[in-house]
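Structural characterization, general
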Amino acid sequence: MSPAPKILVTGGAGYIGSHTVLALNEAGYRVVVYDNLSSGHPEAVLPPAKLLAGDLGDSAKLDSLLAEEQFSAIIHFAASIVVPESISHPLHYYHNNTIKTTGLIQAALKHQIRHFIFSSTAAVYGSPEHLPVSENAPLNPINPYGRSKLMSEWILRDATQAYPYFRHVILRYFNVAGADPRGRIGQSTPEATHLIKAACRTVLGRKEKLEIFGTDYPTPDGTGIRDYIHVTDLAKAHVLALEHLAADSDSDIFNCGYGHGYSVREIIAAVQKISGLPLQTHTSPRRTGDPAQLVADPEKLRRTFNWKPQFDDIEKIVKSAYQWEKQRPY
Ligand code: UDP
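I will try to describe carefully the structure that is included in this document.

About the thresholds
Residues numbered from 1 in each chain as written. Predicted model: local features only at pLDDT ≥ 70, side-chain atom pairs only at ≥ 80, totals over all residues. Heavy atoms only, no water. Near = heavy atom within 4 Å. Polar contact = N/O pair within 3.5 Å; in protein donor to acceptor, adjacent residues only side chain to side chain. Areas by Shrake-Rupley, 256 points an atom, 1.4 Å probe, with all protein chains shown as cover. Helix = DSSP H or I, 4+ residues; strand = E, 2+ residues; numbered from the N terminus. Expected span 1.5 Å × (residues − 1). Buried < 20%, exposed > 50% of the residue type's maximum accessible area, 1.4 Å probe, protein only. Contact = heavy atoms within 4.5 Å. Pairing = 2+ DSSP bridges. Axes fitted to C-alpha atoms, helices over the stretch in contact; angles between N-to-C directions. Parallel < 35°, antiparallel > 145°, perpendicular 65-115°, else oblique. Left-handed = near helix turned anticlockwise from the far one by under 90°. Nonpolar A, V, L, I, M, F, W, Y, C, P; charged D, E, K, R; others polar. Phe/Tyr/Trp six-rings, centres within 6.5 Å; stacked < 30°, edge-to-face > 60°. Lys NZ or Arg CZ within 6 Å of the ring centre and 35° of its normal.

As a further point, take the site of the ligand. Around the ligand, the surrounding shell holds 14 residues, and the nearest of these are Leu195, Glu211, Arg226, Arg287 and Asp290. Here an oxygen atom of the ligand and a side-chain polar atom of Asn175 are 2.9 Å apart. Within the contact set of the ligand, an oxygen atom lies 2.8 Å away from a backbone nitrogen or oxygen of Leu195. When the ligand is considered free in solution it has 510 Å² of accessible area, and contact with the protein chains removes 86% of it. Among the elements that line the shell around the ligand, the one with the most residues is strand 8 (residues 210–213), at 4 residues.

Listed below in structure tokens is the structure:
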């Protein structure tokens, strides 16, 4: 019997990366994580996956890793992901996201690694006019973060055109939330500003108040609507993407969400219900660049990968996030 395929996961010590590593472990893949630990957590990389601390900018280290191990695919998560920071430090985002992704693709080609899965984002669509958002909706990123990801997508697509043996899957994530339902890993960055995490930290008294950014959106309750996808369902989509490429399928792009959205107030109500605790809120103006609604059309993902989400239920998402936060010391 041939050994299980070996996968390189960049950024595998981060939130979505570590859940994907867990799913890969469980599916029997051999996994090596390459992460500079700038925001990732070594303890989030669960064995038997191995962790090598290193930066994608260290091309000599990356080159010797790829020369030593025979990877059949790369799943590339490592990136800077904070939108306001991308506006104040755009060059850092273009360097860390776009230029380092280019270097990784070059290294993959040099070592003849044939399959590449790229973490992209709904931010490539900006403020879409039509909902739900399909993969062929107009691309109009409205901040450097979204542009750094879209440029990376284009570079990847051009590389695939030029080197026919090289194929990719681009996954565009909508709002990722929740934690491993067995409580082994979760979102471990205390400063993370994501709504469900911030709301759970507020009911637990670790944050004074939850700010509601904008109550005058053209939505039924005036607050922003997002498509929240459980991180474990998203992790599974990566495993299916690997299988898709291993079956010689063409390169492709998929939106990752459930196809329905919840408002900020609905999320607040769910967090209060699950925790049984009151949540202090404070209404603030809209954040710059926040669209009113962002909801994925996940039909292509479901149909092509036969993806069957297990946690498409806002209470399950909030429950796993809340349980994870509760067991944290801060
Ligand atoms: N939001 C909020 N308070 C917070 C964090 C987020 O009202 O403390 C809102 C935000 O304006 C958006 C939604 O919650 O409508 C999801 O925001 P998040 O930052 O989680 O993800 P984004 O959609 O910005 O990627």
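Once the structure has been displayed, the description carries forward.
Here helix 10 (residues 314–326) is 13 residues long and its end C-alpha atoms lie 18 Å apart, about the 18 Å a rise of 1.5 Å per residue gives. Residues Ile314, Ile317, Val318, Ser320, Ala321, Tyr322, Trp324 and Glu325 constitute the buried set of helix 10. Buried residues along helix 10 sit against strand 7 (175–177), helix 6 (195–203), strand 10 (228–230), strand 12 (262–263) and helix 8 (264–275).

Here we take up the sheet that holds strand 3 (residues 50–53). Here 7 strands make up an open sheet; going across it, the order is 3-2-1-4-5-6-11 and the pairing parallel. Each edge of the open sheet is held by one strand with a lone partner, namely strand 3 and strand 11 (252–256). When the angles between neighbouring strand axes are averaged without regard to direction, this sheet yields 20 degrees. Summarising the sheet, strand 4 (residues 73–76) and strand 5 (residues 115–121) pair through 4 bridges and their orientation is parallel. Within strand 5, the position partnered with Ile74 by the bridge is Phe116. Running over the sheet, helix 2 (residues 59–68) touches strand 1 (6–10), strand 2 (30–35) and strand 3 and is turned about 175 degrees from strand 2. Its contacts with the sheet put helix 7 (residues 231–246) on strand 1, strand 4, strand 5, strand 6 (167–173) and strand 11, and the angle it makes with strand 6 is roughly 160 degrees.

Moving on, we get to the sheet that holds strand 14 (residues 293–294). Taken in spatial order, the 3 strands make up an open sheet running 12-9-14, and their pairing is mixed. Both edges of this open sheet fall to strand 12 and strand 14, since each of them pairs with a single strand only. Here strand 9 (residues 225–226) runs beside strand 12; their pairing, made up of 2 bridges, is antiparallel. Bridge pairing in strand 12 links Ile225 to Ser263.

It is worth spelling out the packing of helix 6 against helix 10 at this point. Running from N to C, helix 6 and helix 10 cross one another at 55 degrees; their axes reach a closest spacing of 9 Å. Relative to helix 10, the element helix 6 is oriented oblique. Note on packing geometry: the crossing formed by helix 6 with helix 10 is right-handed. Between helix 6, through Ile196, Lys197, Cys200, Arg201 and Val203, and helix 10, the contact on the second element is made entirely by Ile314, Ile317, Val318, Ala321, Tyr322 and Glu325. Across the contact of helix 6 with helix 10, the residue classes break down as 8 nonpolar, no polar and 3 charged.

Below, the discussion takes up the packing of aromatic side chains. Inspection of the entire model under this criterion finds 4 aromatic pairs. Relative to Phe305, the ring of Phe254 lies with its centre 4.4 Å away and its plane at 45 degrees, an arrangement referred to as tilted. You can see Phe254 sitting in strand 11 and its partner Phe305 sitting in helix 9 (residues 299–305), a full 51 residues away along the chain. Overall, Phe254 belongs to the buried group, its relative accessible area being 0%. On the basis of an interplanar angle of 15 degrees and a centroid distance of 6.1 Å, the ring pair of Tyr258 and Trp307 is categorised as stacked. In this pair, Tyr258 is assigned in the loop between strand 11 and strand 12 and Trp307 in the loop between helix 9 and helix 10, connecting sequence segments 49 residues apart. Per residue, the accessibility class of Tyr258 equals that of Trp307, and both read buried. Over the aromatic face of Tyr217 sits the side chain of Arg286, whose NZ or CZ is 4.2 Å from the ring centroid.

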